[in-house]
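These are the residues of each chain, in order.
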Amino acid sequence: MQPNKLTRGHNLLWESSRMMLPEHKELIEHHQQRIRQQTKPQLDEQEIEWLEQRIQKALYDQSLVQLTLFDPYQSQIISGVIVQVDSLTQRLLLQTPQHQQWILFHDLIDVK
Amino acid sequence: MDNKLIFLVDMQSFYASVEKSANPKLQDHPVVVAGDPERRSGIILAACPIAKQYDVETAEALWQAQQKCPDLIIVRPRMKLYIELSYQITQILERFTDQVEVFSVDEQFLDLTGTERLFGDRYTVAHNIQDEIQEELGVYARVGIGPNKVLAKIACDAFAKKNEQGIFELTHHHMKDTMWKLPVGKMFGVGSRMEKHFSRMGIQTIGDLANYPVQYLKKRWGINGEVLSNIANGIDYSPVSTQTHNGQKAVGHHMTLPRDYETLEDIKIVLLELSEEVAKRARAKNYRGHTLSLGLRGANVNDPTGFHRQIKLTSPTNYGMDLFHAALQLLNKHWDGLPVRSVGVTLSQLQSADVYQLSLFNPSVEKDQLSKAMDDIRKKFGQTAIVRASSLQEAGQVFDRAQKIGGHYK
């Protein structure tokens, strides 16, 4: 059912009666986005080593891994099989169901 | 659910107060902010308390106000500044809670549930809010306090605006002795038309409405009947939502014309301009819309004519010409031929522009590229760098609109 003004937890009663200039809305939207912005977690040596081990193992086993990539607004999780690790350019090649994709170690915050 | 600590913070004559604190010379004079009297926007947008002593009212024509108060100082609106300052107020309020919902340029809701131990009791917090806004922006704020948004809003509108401290609390406990005594027209959600209906039903006060059997109200007005009954009883479950401005349901643009437009040719020109503007904004937000509505108001204010109709588009679009053709179709069908005072075009049923159905006979790639090229040119060289040739005619409004926000100068 479409929510109406009586639906609990919805804000339609107020949203339907307010007057806001689009320029004002935009400003608030930007503001909210800035609030939600996160800083990248600092990984310590052990964690980095631990991530490296798991990457090596996943590469060796050709097993499916789940990588968490940092993004200031919404961390991204992608899964696939690691095809190649290039330590010179600090990145790895991931085969996802759709395509192959290079991922920078710099963006990685977790490997499962 | 219904027992939170909600504040509604409202700025007294916001635009006028801002102008006064920006220019201290105006401090002791009656000041109004008003649009250009040469054009239709020549109405009072805000009047300072001194001007209000002369019975100057918001929304009346400038000449009427000048008759009441010959020494009136008239200031042109600076919309961009007001938006900027409203945003600063939001940031001041966020010192007290992150739950701040902007309701309009001069009203904001706060959910302060559970902050008593941080900032003290509700009256202390309300005073602190007033002081900080006064000190930093020179604007007087009034605070309505309630267990939900509806009571906070009514506490502010009907009581805090009128009392000495500018602070008032409405609770379920004592609303019967205060709010229920008010005429029903003072209630949030009741306009002049509704007030007339109620008066014919013998409902004079908010209390009368609260005690009126809800099933009759529901039968007559459906959901809205029940909503009004709830408001009269101080019931409101709406959350204070910070994300309320994100999900957009429609992109619309509306303008009041500088003079009444009487010919189809003239109306078509602004219709195309509006369609282009709406399409441009939809593209900027990466939306396509599936429904277009056109609203038109007649020139005679006392005998309101006009219509508001919508049409489903063949496929979701954000291309100005598509919107224009649909709007024109509505215009041809519903316009009664009488002079027109204002026109509005709205695109709704929005969906992401990333995914869309390819149409076999109406290739959209070209349109996309064309639209994108125009957007890029406008971004780089200004909004009027590229316009439709029809806008060069006398009836065109783009050049005028480009200097404005919300129909008033930036």
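Residues numbered from 1 in each chain as written. Chains lettered and ligands numbered in written order. Predicted model: local features only at pLDDT ≥ 70, side-chain atom pairs only at ≥ 80, totals over all residues. Heavy atoms only, no water.

The name an unreviewed UniProt entry gives chain B is DNA polymerase IV, with Aquisalibacillus elongatus as the organism. As recorded by UniProt, the Catalytic activity (unreviewed entry) comment attached to chain B reads in full: "DNA(n) + a 2'-deoxyribonucleoside 5'-triphosphate = DNA(n+1) + diphosphate". (UniProt positions renumbered as here; feature names shortened; annotations may be inferred.)

An unreviewed UniProt entry lists chain A under the name YolD-like protein, from Aquisalibacillus elongatus.

Visitor: Summarise the overall build of chain B; cite the residues concerned and give the values.
Guide: Scanning chain B from N- to C-terminus turns up 15 helices and 14 strands. Taken against the 2.2 N^0.38 rule, which gives 22 Å for 410 residues, the C-alpha radius of gyration of chain B at 24 Å falls within 12% of a compact globule. The buried share of chain B, reckoned over its 410 residues, is 49%. Considering only intrachain contacts with a sequence separation of at least 6, the fraction spanning at least 24 residues in chain B is 66%. (Helix = DSSP H or I, 4+ residues; strand = E, 2+ residues; numbered from the N terminus. Rg over C-alpha atoms; globule rule 2.2 N^0.38 Å. Buried < 20%, exposed > 50% of the residue type's maximum accessible area, 1.4 Å probe, protein only. Contact = heavy atoms within 4.5 Å.)

Visitor: Outline the domain arrangement of chain B, listing residues and values.
Guide: Many descriptions give the size of an interface as the accessible area lost when the pieces come together. Residue and element names in this part refer to chain B. Per the domain assignment, the segments of chain B are domain 1 (1-169), domain 2 (179-232) and domain 3 (250-409). The centre of domain 1, based on its C-alpha atoms, is set 27 Å off from the matching centre of domain 2. For the pair domain 1 and domain 2, the summed buried area comes to about 590 Å², and 87% of that belongs to carbon and sulfur atoms. Of all residues in domain 1, Val150, Ile154 and Phe159 give up the largest surface area on contact with domain 2, accounting jointly for 59% of the area buried on that side. Along the contact surface separating domain 1 from domain 2 lie zero residue pairs in polar contact (both at pLDDT 80 or more). (Domains from an automatic or database assignment. Buried area = accessible area lost by both parts, 1.4 Å probe. Polar contact = N/O pair within 3.5 Å; in protein donor to acceptor, adjacent residues only side chain to side chain.)

Visitor: So what's going on with the packing of helix α8 (residues 192-200) of chain B against helix α10 (residues 214-221) of chain B? Residues and values would help.
Guide: Between two packed helices, what matters for the description is the angle formed by their axes and the separation of those axes. Residue and element names in this part refer to chain B. Two elements in contact, α8 and α10, have axes whose closest approach is 14 Å; the angle formed by their N-to-C orientations is 130°. As far as their axial angle goes, α10 and α8 are oblique. Between α8 and α10 lies a crossing whose hand is right-handed. Touching Met194, His197 and Phe198 of α8 are Leu217, Arg220 and Trp221, all from α10. (Axes fitted to C-alpha atoms, helices over the stretch in contact; angles between N-to-C directions. Parallel < 35°, antiparallel > 145°, perpendicular 65-115°, else oblique. Left-handed = near helix turned anticlockwise from the far one by under 90°.)

Visitor: Break down the UniProt feature "binding site: Mg(2+)" (unreviewed entry) in chain B for me, with residues and values.
Guide: Residue and element names in this part refer to chain B. Taking the numbering used here, the UniProt-annotated feature "binding site: Mg(2+)" (unreviewed entry) corresponds to Asp10 and Asp106. Separation in sequence by 97 residues is not matched in space for these annotated residues, since their most distant C-alpha atoms are only 5.7 Å apart. With respect to the helices and strands, Asp10 occurs in strand β1 (residues 6-11). The residues touching Asp10, leaving out its near neighbours within four places in the chain, are Asp106, Glu107, Tyr140, Ala141, Arg142, Cys156 and Lys161. Within the fold, Asp106 resides in the loop between β5 (100-104) and β6 (107-111).

Visitor: Go over the interface of chain A and chain B, please, and point to the residues and values.
Guide: Contact with chain A, which involves 28 residues of that partner, is made by 37 residues of chain B. By the criterion of area lost to chain B, the three top residues of chain A are Leu6, Trp14 and His24 of chain A, representing 23% of everything that side buries. At the level of elements, α1 (12-15) and α2 (22-36) of chain A are the ones that each hand at least two residues to the side of chain A that touches chain B. Top element by residues in the side of chain A that touches chain B is α2 of chain A. It accounts for 13 residues. Class assignment for the residues of the side of chain A that touches chain B results in ten nonpolar, eight polar and ten charged. (Nonpolar A, V, L, I, M, F, W, Y, C, P; charged D, E, K, R; others polar.)

Visitor: Could you give an account of helix α4 (residues 79-93) of chain B, naming the residues involved and the relevant values?
Guide: An ideal rise of 1.5 Å per residue puts 21 Å on 15 residues; α4 of chain B measures up with 21 Å between its terminal C-alpha atoms. The complete set of buried residues in α4 of chain B reads Met79, Tyr82, Ile83, Leu85, Ser86, Tyr87, Ile89, Thr90, Ile92 and Leu93 of chain B. (Expected span 1.5 Å × (residues − 1).)

Visitor: Any details on the packing of aromatic side chains? Residues and values, ideally.
Guide: Counted by the stated rule, this structure contains eleven aromatic pairs over all chains. Taking 4.9 Å as the distance between ring centres and 75° as the angle between the ring planes, the aromatic pair formed by Trp14 of chain A and Phe109 of chain B counts as edge-to-face. Here Trp14 of chain A is found in helix α1, whereas its partner Phe109 of chain B is found in strand β6 on a different chain. The two residues Trp14 of chain A and Phe109 of chain B agree in class, both being buried. Seen from their ring centres, Tyr212 of chain B and Tyr216 of chain B are 6.4 Å apart, and the 70° between their planes marks the pair as edge-to-face. On the basis of relative accessible area, Tyr212 of chain B is assigned to the partly exposed category, the value being 23%. Among the aromatic residues, ring-to-ring pairing joins Trp14 of chain A together with Phe103, Phe109 and Phe188 of chain B into one connected group. A cation over a ring is seen here: Arg8 of chain A above Tyr237 of chain B, with NZ or CZ 3.6 Å from the ring centre. (Phe/Tyr/Trp six-rings, centres within 6.5 Å; stacked < 30°, edge-to-face > 60°. Lys NZ or Arg CZ within 6 Å of the ring centre and 35° of its normal.)

Visitor: Hey, could you go over the packing of helix α1 (residues 14-22) of chain B against α4 of chain B for me, with residue numbers and the actual values?
Guide: Residues and elements named next belong to chain B. Across the interface, α1 lies against α4 with an axial gap of 11 Å and an inter-helix angle of 95°. With respect to α4, the element α1 is oriented roughly perpendicular. Across the interface between the two elements, Phe14, Tyr15, Val18 and Glu19 of α1 pack against Met79, Leu81, Tyr82, Leu85, Ser86 and Ile89 of α4. Looking at the contact of α1 with α4, its residues break down into eight nonpolar, one polar and one charged.

Visitor: An account of the pattern of salt bridges is needed here, citing residue identities and associated values.
Guide: Side-chain pairs of opposite charge can arise whenever the charged atoms involved come near each other. All names here are of chain B. Within this structure, the stated rule accounts for 23 salt bridges over all chains. Linking Asp10 and Arg142 is a salt bridge whose minimum nitrogen-to-oxygen distance equals 2.8 Å. Of this pair, Asp10 sits in strand β1 while Arg142 sits in strand β7 (residues 141-146), and the two are 132 residues apart along the sequence. Arg142 carries the same exposure label as Asp10, and that label is buried. Counted as one network, the salt bridges with shared partners bring together Asp10, Glu107, Arg142, Lys153, Asp157 and Lys161. (Salt bridge = Lys/Arg side-chain N within 4 Å of Asp/Glu carboxyl O.)

Visitor: Describe the environment of Lys404 of chain B, with residues and values.
Guide: All names here are of chain B. In this structure, Lys404 sits in strand β13 (residues 404-405). For Lys404, a relative accessible area of 9% puts it in the buried group. Beyond its immediate chain neighbours, meaning those up to four positions away, Lys404 contacts Arg39, Tyr409 and Lys410.

Visitor: Any details on the side chain of Thr96 of chain A? Residues and values, ideally.
Guide: All names here are of chain A. Looking at the secondary structure, you find Thr96 in the loop between β3 (91-95) and β4 (100-104). By relative accessible area, which is 6% here, Thr96 ends up buried. Among the polar contacts listed, one links the side chain of Thr96 to the backbone oxygen of His99, at a separation of 2.7 Å. Those residues in contact with Thr96 that lie beyond four places of it in its chain are Ser79, Gly80 and Gln101.

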